[in-house]
Structures are given as structure tokens and as C-alpha cells.
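Per-entry structural report
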Amino acid sequence: APSIEVDEIVDYIRDLTEKEDEGAPGTGDAVAESLGLEQQPRPQKPNDLDKARVGGLPRRHLLGTGPELSRRVVMLIRTNEYAPMPQLPPGEEAPRYYWRGATYDNYTGRGWNTTSYSTVEYEPGGRSHVSELPFHRSIRQEVEVIGATGNLAHVAGQLVATDRAYKVAWRSSGDAFAATLVAKTYRADSLVAMATEDQLREARINYPPWILDRYMDLPETVPERVLALARDLTATAPTAYDRAVAIETYLRENFPYTLDVEPPPIHRDVADFFLFTTQEGYCDYYATAMVVLARAAGLPARLTVGYATGTYDPLEAAYIVTEADAHAWVEIYFPGYGWITFEPTGGRPPLDRSSDEEPLMWPDQPRESLRPAPVVRGPLARYWYLFIVGVAAAVLLLYLLGMQFDLLLLRLRPPAVVVTQLYHRLRRQAMKMGARLAPGDTPHEFSMILSQRIEVVSRRRLRENWVLPAAIEEAQRICETYVGVWYREDAPGSKERNARLRDWRRLRWRLLLVRFWSRPRSRLARLFAPARFGEAEVPGRAAQPSPMDQRY
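Fair warning: this is a prediction, and the values are worked out from it, not measured in the lab.

1. A closer look at the packing of aromatic side chains
The relation between two aromatic rings is expressed through the spacing of the ring centres and the mutual angle of the planes. Within the structure shown, the criterion is met by 26 aromatic pairs. Relative to Tyr215, the ring of Trp210 has its centre 6.5 Å away and its plane inclined at 75 degrees; by these criteria the two rings are edge-to-face. Residue class for Trp210 comes out partly exposed when judged on its relative accessible area of 30%. Taken together, the ring pairs in this structure connect Tyr250, Phe255, Tyr257, Phe274, Tyr282, Tyr285 and Tyr286 into an aromatic cluster. Looking at Arg302, its charged tip hangs above the ring of Trp339, at a distance of 4.1 Å from the centre. Lying across the ring of Phe342, Arg353 places its NZ or CZ 4.6 Å from the centre.

2. Regarding the pattern of salt bridges
Across all of its chains, the model carries 22 salt bridges by this definition. Of the charged contacts in the structure, one is a salt bridge between Arg140 and Asp189, with a shortest N-O distance of 2.7 Å. Taken together, the positions of Arg140 in strand S8 (residues 136–145) and Asp189 in strand S13 (residues 185–193) put the pair 49 residues apart, joining distant regions of the chain. Residue Arg140 is classed as buried on the basis of its relative accessible area, which comes to 9%.

3. Comments concerning a nonpolar patch on the surface
A cluster of nonpolar side chains, namely Phe387, Ile388, Val391 and Val395, defines an oily patch on the protein surface of about 360 Å² accessible area. Mapped onto the elements of the fold, Ile388 is located in helix H10 (residues 384–411). A relative accessible area of 48% places Ile388 in the partly exposed class.

4. Focus on the environment of Gln452
Following the sequence through the fold, Gln452 ends up in helix H12 (residues 443–461). Sequence spacing of Gln452 and Ile472 is 20 residues, and the spatial spacing of their C-alpha atoms is 8.9 Å.

5. Considerations on the confidence of the model for the protein chain
Per-residue pLDDT for the protein chain averages 78, and the proportion of residues at 70 or more is 75%. Note that residues 356–376 has pLDDT below 50 and, in this model, 29 contacts with residues that lie over four places away or in other chains. Here residues 521–552 scores under 50 on pLDDT; set against residues more than four positions off or in separate chains, the count is 64 contacts.

6. Concerning the sheet that holds strand S16 (residues 318–322)
A sheet is described by the order of its strands in space; here six strands give the open sequence S10-S13-S8-S3-S16-S15, paired in antiparallel fashion. Unpaired on one side and paired on the other, strand S10 (158–162) and strand S15 (311–313) mark the two borders of the sheet. Averaged over all pairs of adjacent strands, the angle between their axes in this sheet comes to 30 degrees, without regard to strand direction.

7. Looking at the nonpolar core
If you look at the biggest cluster of nonpolar residues, it comprises 61 residues, and the most contacted ones within it are Phe177, Leu251, Leu275, Ile332, Phe334 and Phe342. Element by element, the count of residues in this core is highest for helix H9 (residues 283–296), at ten residues. Membership of the second largest hydrophobic core comes to 34 residues, among which are Val145, Val168, Trp170 and Ala326.

8. Some remarks on the packing of helix H6 (residues 224–234) against helix H7 (residues 240–254)
Following both chains from N to C, one finds H6 and H7 inclined at 115 degrees, their axes separated by 9 Å at the closest point. Classed by the angle they form, the pair H6 and H7 counts as roughly perpendicular. Here the hand of the crossing between H6 and H7 comes out right-handed. Within the contact between the two elements, H6 uses Leu229, Leu233 and Thr234 and H7 uses Arg243, Ala246, Ile247 and Tyr250. Grouping the amino acids of the contact of H6 with H7 by side-chain chemistry returns five nonpolar, one polar and one charged.

9. Describing the pairing of strand S12 (residues 175–180)
Taking burial as the measure, the six residues of S12 include five buried ones, the bulk of the element. Pairing of strand S11 (residues 166–172) with S12 involves five bridges; the strand directions are antiparallel. What sits directly across from Ser172, in S12, is Asp175. Hairpin remark: S11 followed by S12, antiparallel, with two residues in the connecting loop; positive phi at Gly174, about 85 degrees.

10. As for H7
Helical periodicity: at 3.6 residues per turn, an α-helix aligns residues three or four positions apart in one direction. For H7, built from 15 residues, the straight-helix expectation of 21 Å at 1.5 Å per residue is met to within 8% by its first-to-last C-alpha distance of 22 Å. Residues Ala240, Tyr241, Asp242, Arg243, Ala244, Ile247, Glu248 and Leu251 constitute the buried set of H7. On the buried face of H7, the contacting elements are helix H4 (197–201), H6, helix H8 (270–278), H9, strand S17 (326–334) and strand S18 (338–342).

Analysis parameters
- Residues numbered from 1 in each chain as written.
- Predicted model: local features only at pLDDT ≥ 70, side-chain atom pairs only at ≥ 80, totals over all residues.
- Heavy atoms only, no water.
- Phe/Tyr/Trp six-rings, centres within 6.5 Å; stacked < 30°, edge-to-face > 60°.
- Buried < 20%, exposed > 50% of the residue type's maximum accessible area, 1.4 Å probe, protein only.
- Lys NZ or Arg CZ within 6 Å of the ring centre and 35° of its normal.
- Salt bridge = Lys/Arg side-chain N within 4 Å of Asp/Glu carboxyl O.
- Helix = DSSP H or I, 4+ residues; strand = E, 2+ residues; numbered from the N terminus.
- Patch = residues over 30% accessible without salt bridge, like charges linked within 9 Å, V, L, I, M, F, W, Y side chains within 5 Å.
- Areas by Shrake-Rupley, 256 points an atom, 1.4 Å probe, with all protein chains shown as cover.
- pLDDT = per-residue confidence, 0-100.
- Contact = heavy atoms within 4.5 Å.
- Pairing = 2+ DSSP bridges.
- Axes fitted to C-alpha atoms, helices over the stretch in contact; angles between N-to-C directions.
- Core = buried A, V, L, I, M, F, W, Y, C linked by side-chain atoms within 4.5 Å.
- Parallel < 35°, antiparallel > 145°, perpendicular 65-115°, else oblique.
- Left-handed = near helix turned anticlockwise from the far one by under 90°.
- Nonpolar A, V, L, I, M, F, W, Y, C, P; charged D, E, K, R; others polar.
- Expected span 1.5 Å × (residues − 1).

In C-alpha cells:
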């Protein structure tokens, strides 16, 4: 049977009555002229950020809907934490994530909107301006968009980078409203908070000025009884985290969840209407009420919208996210830990803040230096120098033969595999040279950090600059080829593979020299300088390849 949607009819009529732009013939010009219609200039359509910015309750479309929402798939998201399997191992559950789409800072009493923002465009693989915080871990998502998401990027936690060109709307430095990209499939890196309850209870309340100015504000129209309720709920809570949990628990235990709720009257505050009149509602009401109560209790909070975890399918190793998973939740700011998620909506499972996985964190103590074991002299003590020379010559010969054999094996492998292996070898060499790398560094950022490290060591220790130009150029060519393979989907050929192998054959000798001269300074730095967040020097954290490269 023919299927005609109302949107198609509306678009056809718009083509008859509106022009795309002045002087350009539209698709409906001939029909409009035959019907005697005069076409008018077509108004400019709002972009996806403008649509998301509109005030009100972001999830109003949930009203009046039925169970058919659970059958409309919006996204498939893979995190590569499990391989495809018929079912998960007994006793294990897939991690729960909240797929963040947008955050709102301005409460009007009738709903939410966001203050002014500026849009910054990023190239594929370019790293957004992300604040580096401890107690976070990096996660890579592979997102397949199936339904209508309005081109908003949805990731777990704080977006770091994507493999597509994207835009981020910043309210200020480090405070993102939302991100957009035009793609049906994309890979994205993000940072997810891993702080535990005990750590959050120890958090101080020395909030930055921009947090106080933007996330503590409430309109004067909020009734006094709402403010009094916030004070009553948190009067005996000793810490900021305990105050947040007290509000969260109160809403979860005392207000039933329902989609069958009337919108608040025009003169009523949304939080007051939910807390004292309907006393039931859906996620928008729960989240709005908690943000208002949290701000009234002295906690900087914001409303966040996106999608809940969805259903994990072990056979596909993917989260199936439907329209029924559209959700709004609360994020509260804790100094030193960033934005922490809270779930006030009744019926949703509570959040588990205990984790067996070690988060990235600042080391409490500098790494202890390793001292070489004392040399034990044997019967060859009289000819020790001959013995040492012979062993050194044998080791050097074996090393040279091993390098040549390694190059031969690499020439037999596919070009993309070779480029990926050379890039990760280059990263390991950079960390051994003392380069400070973070998990979210893009290949271009890594290339810049490595170049600066080579330049500093070459100028300080080698006096002359004969190592510098060639080493930097060879490293940059390897990084650029890697970007082409993984972010621009360029397929290198055998000629390009052989060219990168020649670069690597010359580059590794230069890197060994730079590493040798940088060794004394790196020991001193480990004793007196704190490691940067996410650095490979953090005890207990070994550099791991990205999930998409583990197949190699």
C-alpha cells in the first residue's frame, strides 16, 4: 500500500509557496505559476543547536506516546568492552552509560534553555577543549545513527574527539552546551567520571567563579516553600555529596513515575508544580526539581538530556537505544572531580559508584627510582674488558639482525597494519623519551608534542641541530599517514608502506640518540615534578592501544 507522510505533503506545499533564495528557480516554480500562486522567500531554517536551545521541558514529546516508542531504534552504540557472544558470562552485566546530548544551565521557572554560546569547528580527529581531571577514564564509542537525533553527537561523559568533522557550542572555556556532526556512523572518544562515594564526600566546595555565576542561579519566581524544602532535606547532611544524595533519594522514593501528567499552568513554577501539586511525572520533572533543590541547597547543578543506557545485545556487542530511552538527568559539579551524574527519576535503577576499575588519577608519590643490581665478578675478572666487548658485539649483531628481520616481516603485512604498528611504536618511544602524553591526545597533537621534545633535547644536549629536521619530518609523515588510515579512511599502498618503513629505519636511530641524551633529565623530572593526568608515568597504568587498533 502507498505510504504518504504528512511531512512530505508539507514540504511539497512549501516548495509551491516559498523560494530557496532570491533569483533561483525552485522545484515548484512551474506548478505555482500555473496555479497563480506567488512564491515568497523561504525563511531560514534553524539549525540543530538553535532547536535544542529553545526553552521548555526538553522531553515534552514523551507526553501522550505509547509503547511504540520502545520499538523505534535511535542508535546502536558499541564500546568494544565485550566481544560478540551469545550471552554475557554469569554474574556480569554490561556497564551502564548515559549518552549525553546537551546540557542546560538557565532555569526560567517554566523550563530550560541555555545562555549564549559560540560555536567552534573541529577537523576529524581534532581534540576539543577538554578540562583534564583526575578520576576519569577514556572510552571509545562507535555510534550508528538509525533514528532522528537532530545531528547532535551523543557520547558517554565529556566529548574529546571524533573521527568526523564536528562542531561544539561552548558557553565558555570548558563548558559545552552540545556538539553536532553530520554522519550516520562515527567514532568518538570521551571521558567518563569514575569517582567513588568516599572520594566525592572528601571533595571541597571551593567552586570556580564561573560555576557560581552560572549554575547557582534561580529565578525570583521560585516559591519559598521549594527553597524551604531544600533546606529541610539537607539540614543534617555533613557534605555536599550527602546533600545531593538526600535530594536524589527523596525524589526517587516519594514520587511515582508516569507519562500521564498535565503540563503546569502558565503561572506555576515547574518544580513547585511537581513537588506540591501533581507529585508524579516523568524524567523532565524529576531532573528539574532536583536541580532547583540542589541549587537552593548550595550545590551547582545543571540539567542534562540525551538517552539512558538502552538494552545491551551481547550477540551484537552493542547497546540498542530506542526513543523510549530518551531521558533527562542531573549533573552536579564537584571541584577536582568535574560533573557527576545523579539519577532522581523513580523507576530507574540507582547509580553504582563503586568500581573495580582503577581510574586515571594524579599520583600521590613520585615513582621510586630503580637501582641496578650489583655486578658479581666471576673467574673472568682478569679479562673483564674482553668479555664485555665480546658480549656487546654479540648483542649488537643480534640487535641488527633482529631489526632487519623485523623490517622484512613488516614488508609482508598489509599497509594499514604496518602504519598502525609504526605509529604505536613511535608513541612508546616518545614516552621513553619523557614526552608527556595524555590518553585523549590526537595524532596531530602527539606529533606536535614529539617534535617539541626532539627539538628541546637536540638544542640543549647536542649543541648542533643536525638531528632535528630529519627526525621531526619522518615522525610527522608517520603520524599523517596514520591519520589518513583511521580518520580519513585513506587506503595506503605498498609504495607508501615502504616509504614509511624507510622513514622508521632512519628515525629509530635518531630517537635512540635523543632518548639517550634525555635520560638524565627524565630521572630528575620523575623525582621532583608531578606527572600529568593520563601520563604513562602514572603507577599501575600501562600504555594501551586504542580499542579500534587492538585487532592488530
